[in-house]
Amino acid sequence: PRPANPFAGDVVVATHDEYYVGRFHWGATPRLFLDPEPVTRARGVAYELAAQTPAARRFLTWARYPAVDVEPGPGGSTLVRFTDVRYRAASRLGGPVVELPAGAIATSGD
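Residues numbered from 1 in each chain as written. Predicted model: local features only at pLDDT ≥ 70, side-chain atom pairs only at ≥ 80, totals over all residues. Heavy atoms only, no water.

Undergrad: Explain the overall build of the protein to me, please; I cannot follow it from the model alone.
TA: Secondary structure summary: the protein contains three helices and seven strands in total. Counted from the first residue to the last, the protein has its helices and strands arranged as β-β-β-β-α-α-β-β-α-β. Compactness check: the protein gives a C-alpha radius of gyration of 17 Å against a globular reference of 13 Å for 110 residues, more than 25% above the reference. Considered along the principal axes of its C-alpha atoms, the protein spans approximately 55 × 25 × 20 Å. When the 110 residues of the protein are sorted by exposure, 29% land in the buried category. A separation threshold of at least 6 residues defines the contact pool for the protein, and within that pool the share at least 24 residues apart is 34%. (Helix = DSSP H or I, 4+ residues; strand = E, 2+ residues; numbered from the N terminus. Rg over C-alpha atoms; globule rule 2.2 N^0.38 Å. Buried < 20%, exposed > 50% of the residue type's maximum accessible area, 1.4 Å probe, protein only. Contact = heavy atoms within 4.5 Å.)

Undergrad: Would you mind showing me how to read the pairing of strand β1 (residues 8–14) here?
TA: In regular strands, side chains alternate between the two faces of the sheet. Here β1 pairs with strand β2 (residues 18–25) via seven bridges, running antiparallel. By the bridge assignment for β2, G9 is matched with F24. (Pairing = 2+ DSSP bridges.)

Undergrad: Is there a simple way to explain the environment of Y87 in this structure?
TA: One can find Y87 in helix α3 (residues 85–88). Overall, Y87 belongs to the partly exposed group, its relative accessible area being 24%.

Undergrad: How should the sheet that holds strand β5 (residues 66–72) be read in this particular structure?
TA: Adjacent strands of a sheet form backbone hydrogen bonds with each other and so pair up, either parallel or antiparallel. Taken in spatial order, the three strands line up as β5-β6-β7 in an open sheet, and their pairing is antiparallel. Edge positions in the sheet fall to β5 and β7 (94–100), since each has one partner strand and no second. For this sheet, the mean angle separating the axes of adjacent strands, direction not counted, is 20°. (Axes fitted to C-alpha atoms, helices over the stretch in contact; angles between N-to-C directions.)

Undergrad: For this particular structure, what's the right way to read the pattern of salt bridges?
TA: A side chain of one charge can pair with a side chain of the opposite charge when the charged atoms of the two come close. Under the counting rule described, the total for this entry stands at five salt bridges. D35 is paired through a salt bridge with R23; the nearest N and O atoms lie 3.1 Å apart. In this pair, D35 is assigned in the loop between β3 (32–34) and β4 (39–40) and R23 in strand β2, connecting sequence segments twelve residues apart. For R86, the salt bridge goes to D84, with nearest N and O atoms at 2.9 Å. (Salt bridge = Lys/Arg side-chain N within 4 Å of Asp/Glu carboxyl O.)

Undergrad: Any chance you could explain the environment of P1 here in plain terms?
TA: Checked against the element boundaries, P1 lands in the segment before β1. Along the primary structure P1 and P74 are separated by 73 residues, whereas in three dimensions their C-alpha atoms are 41 Å apart. Among residues more than four places away in sequence, those in contact with P1 are P6, A8 and G9.

Undergrad: Can you help me understand the side chain of D84 in this one?
TA: Among the structural elements, D84 can be located in strand β6 (residues 78–84). Taking the relative accessible area as the measure of exposure, D84 reaches 1% and is therefore buried. Of the polar contacts made by the side chain of D84, one reaches the backbone nitrogen of R64; its length is 2.8 Å. If we ignore the near neighbours within four places in the chain, the residues touching D84 are F59, W62, A63, R64 and Y65. (Polar contact = N/O pair within 3.5 Å; in protein donor to acceptor, adjacent residues only side chain to side chain.)

Right, here's the structure in full:
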């Protein structure tokens, strides 16, 4: 629920592959609105490697809806940014950014 308004709040719908973020308001029509663009669930080689680091493990202990963004880093490295979908839209709370060395993903068997 939203502060001072028990009739409205934010929701996260989890499917096997994605999360859908939205809002509800019991007095509105429609009562539920989901954003059209889903967020892909955290998975893949980059996620698996980065999730082994201490900072990521600490973050993942409490993250209820983990998601990652994977992007190229300096010198051929890979940056893996961890977020929790509940806080992602407002950029209110970010998780750790793990830098995987160049070639780490290619040498892991994928």
